[in-house]
Amino acid sequence: MAPKNFLFTSESVTEGHPDKVCDQISDAILDEFLSKDSSSRVAAETTVTTGMALVCGEITSNCYVDIPSIVRNTIKSIGYNGEEGGGFDYKTCAVLTSIDEQSIDIAGGVNKALEARNYSSDTSSQETLDIGAGDQGIMFGFACNETKELMPLPISLAHKLAYRLAQVRKERLVSYLRPDGKSQVTVEYRDGKPYRIDTIVISTQHDPAIDGISDNKKIQQIIRKDMIELVVNPVFADYEIKPDETTKYLINPSGRFVIGGPQGDAGLTGRKIIVDTYGGYSRHGGGAFSGKDPTKVDRSAAYAARWVAKNIVKAGLAEKCEIELAYAIGKSQPVSILVDSFGTGKLPDEELSQIVRETFDLRPAAIINNFDLRNLPAKNNGKFYQRLASYGHVGREDFFVPWEETQMVETLQEKAGVLASV
């Protein structure tokens, strides 16, 4: 059992971080394919480095997509436009592609699940719902009552700081910021509850000179003042727990951050999976999200697990809840479902697991249908998954995300009441 008094840290990154550039490119490609052909099978991987972006993977679709244009437009929207963007340029970078079709072996298992092929009569409804999982694997979902969005406080704060840092840059509240940036928040817990803010870290890429000032010590003093006033203070205005006189601020702790983005570091799709989820506060199955169509349970089942966990916490059945789902390629039903309430459940975890099995249809096709995962890009002007690729795939409140809905609360409360009375 975890100690009751401890420090816990989570980080986030801005959309200009090289790994997040790759996530956004991969998801922008997914958005475009699904917008034009909702049945597209997509597994797009991206890597970026100085002067180059490479897209590879497996895509099967009935439509044509101009991938190089999507790559350049995504890089442009992030802010990498030559010298002003820190050396990486959407206009002049090389864009390479290496795309194959989805393996026919994988497609055979996904198109119709093992259960449907071996045991079910051939009805249209079963054809629709009994597609198989696109891969084996384990997925975790989590929720807790530390914030209004039912997310752990450290990752919630880290995301808000990173988002605000990008907002300050885009709105040009200061003129010297460049796209790459990171945030990190350490929260002190007492008796297992958030108590105070111990440390705030912000690293932001910046111009080599600010308003004609080239002395690095003076530049860092300016950045520190602006980051606290324009980024930190506005974010904490919405939280009860705020920095105090003992909170440590580490602003650009390396002392200088001019070279960044793909010029300073190579990036790769799927390398920020902890940032994408719960900041390390909950376990992670290891599978990344970006660039994968909804038949890949790495993505869709992780969203479903968050939905289940959030509804359990919102229903008051636990103060914190973690859901583990496991799938086998080609099979539609999860091979296991586990609920862990960390001792906070109003019912034993075995009974909560039983309620989950009875309440939620966690077959891949059912998840896709319930969340309308294939059609969300077309319903959001061609940009849905790309928006998720920065600042977290879970806990989002800045736009509609179906797995953040809590419409199952009353059903869960009713079933829990029945079990409790037995």
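Residues numbered from 1 in each chain as written. Predicted model: local features only at pLDDT ≥ 70, side-chain atom pairs only at ≥ 80, totals over all residues. Heavy atoms only, no water.

A word on the overall build of the chain. From N to C terminus, the chain includes 15 helices and 11 strands. Taken against the 2.2 N^0.38 rule, which gives 22 Å for 422 residues, the C-alpha radius of gyration of the chain at 22 Å falls within 12% of a compact globule. Burial status across the chain gives 56% buried among its 422 residues. Long-range pairs, those at least 24 residues apart, make up 72% of the contacts in the chain with a sequence separation of at least 6. (Helix = DSSP H or I, 4+ residues; strand = E, 2+ residues; numbered from the N terminus. Rg over C-alpha atoms; globule rule 2.2 N^0.38 Å. Buried < 20%, exposed > 50% of the residue type's maximum accessible area, 1.4 Å probe, protein only. Contact = heavy atoms within 4.5 Å.)

It is worth spelling out helix H6 (residues 153-170) at this point. The end-to-end C-alpha distance of H6, which contains 18 residues, comes to 26 Å, matching closely the 26 Å that a straight helix rising 1.5 Å per residue would cover. Of all 18 residues in H6, 14 are buried, a share of seventy percent or more. Residue arginine 172 follows H6 closely and has a positive phi angle near 55°. (Expected span 1.5 Å × (residues − 1).)

For the structure on display, the rule yields 28 salt bridges. Its salt-bridge partner being glutamate 188, residue arginine 196 comes within 3.1 Å of it at the nearest N-O pair. In the salt-bridge network here, residues are joined through shared partners; they are Glu188, Arg190, Arg196, Asp198, Asp244 and Lys248. (Salt bridge = Lys/Arg side-chain N within 4 Å of Asp/Glu carboxyl O.)

Before going further, it helps to spend a moment on the sheet that holds strand S10 (residues 320-327). An order of S5-S10-S11 is seen for the 3 strands of this open sheet, with the pairing classed as antiparallel. Sheet topology places strand S5 (137-144) and strand S11 (336-340) at the edges, where each strand pairs with a single neighbour. Across the sheet, the axes of successive neighbouring strands diverge by a mean angle of 15°, strand direction being ignored. Here S5 pairs with S10 via 8 bridges, running antiparallel. (Pairing = 2+ DSSP bridges. Axes fitted to C-alpha atoms, helices over the stretch in contact; angles between N-to-C directions.)

This brings us to the sheet that holds strand S2 (residues 41-49). Judged by pairing direction, the sheet is mixed, and its 4 strands sit side by side in the order S4-S3-S2-S9 without closing on themselves. In this open sheet, the two edge strands, each paired with only one partner strand, are strand S4 (94-100) and strand S9 (267-268). Pairing of S2 with strand S3 (residues 52-60) involves 9 bridges; the strand directions are antiparallel. Bridging across to S3, threonine 46 finds its partner in valine 55. Against the sheet, helix H1 (residues 18-36) engages S2, S3 and S9, with an angle of about 150° to S2. Most of the contacts of helix H2 (residues 67-78) go to S4, to which it runs at about 135°, and overall it touches S3 and S4.

Turning next to empty space enclosed by the protein. Applying the stated criterion across every chain, the model contains 1 cavity of 30 Å³ or more. In terms of residue count, S5 provides more of the lining of the largest cavity than any other element does, 3 residues in total. Per-class residue counts for the lining of the largest cavity are 5 nonpolar, 4 polar and 2 charged. (1 Å grid on protein atoms, 1.4 Å probe; cavity = no way out; pocket = protein on both sides within 12 Å on 5 of 7 lines; lining within 4 Å. Points joined across faces, edges and corners; volume = space filled by probe spheres on them. Nonpolar A, V, L, I, M, F, W, Y, C, P; charged D, E, K, R; others polar.)

Moving on to the confidence of the model for the chain. When the pLDDT values of the chain are averaged, the result is 92; 90% of them are 70 or greater. Low pLDDT, under 50, characterises residues 114-127; the stretch is placed with 18 contacts to residues that sit more than four places away or in other chains. (pLDDT = per-residue confidence, 0-100.)

One non-glycine residue, leucine 150, adopts positive backbone phi at about 60°. The class of leucine 150 is buried, set by a relative accessible area of 10%. Despite not being glycine, asparagine 252 has its phi angle at roughly 45°, a positive value. Tracing the sequence through the fold places asparagine 252 in the loop between strand S8 (248-251) and helix H8 (261-264). What makes asparagine 252 buried here is its relative accessible area of 4%.

The next point concerns the packing of aromatic side chains. Applying the stated criterion to the full structure yields 17 aromatic pairs. Ring geometry for phenylalanine 142 against tyrosine 278: centres 5.8 Å apart, planes inclined by 70°, an arrangement best described as edge-to-face. Remark: tyrosine 278 occurs in the loop between helix H9 (273-276) and helix H10 (297-314) and phenylalanine 142 occurs in strand S5; sequence separation between them is 136 residues. With a centroid separation of 6.4 Å and an interplanar angle of 55°, the aromatic rings of phenylalanine 236 and tyrosine 239 are classed as tilted. A single burial state applies to phenylalanine 236 and to tyrosine 239, both of which are buried. Linked through ring pairs, Phe289, Tyr303, Trp307, Phe360, Phe371, Phe384, Tyr385, Phe399 and Trp403 together constitute an aromatic cluster. Over the ring of phenylalanine 342 we find lysine 320; its NZ or CZ atom is 5.9 Å from the centre of that ring. (Phe/Tyr/Trp six-rings, centres within 6.5 Å; stacked < 30°, edge-to-face > 60°. Lys NZ or Arg CZ within 6 Å of the ring centre and 35° of its normal.)

Next up on the list: the environment of glycine 270. Turning to its location among the elements, glycine 270 is positioned in the loop between S9 and H9. Owing to a relative accessible area of 23%, glycine 270 belongs among the partly exposed residues under this scheme. Contact partners of glycine 270, with chain neighbours within four places excluded, come to Asp23 and Ala288.

The residue aspartate 37 is located in the loop between H1 and S2 in this model. Nearest to the buried, unbridged aspartate 37 among oppositely charged side chains is arginine 374, at 7.5 Å. One polar contact links aspartate 37 to serine 39, side chain to side chain, over a distance of 2.7 Å. (Lys, Arg positive; Asp, Glu negative; His and termini not counted. Polar contact = N/O pair within 3.5 Å; in protein donor to acceptor, adjacent residues only side chain to side chain.)

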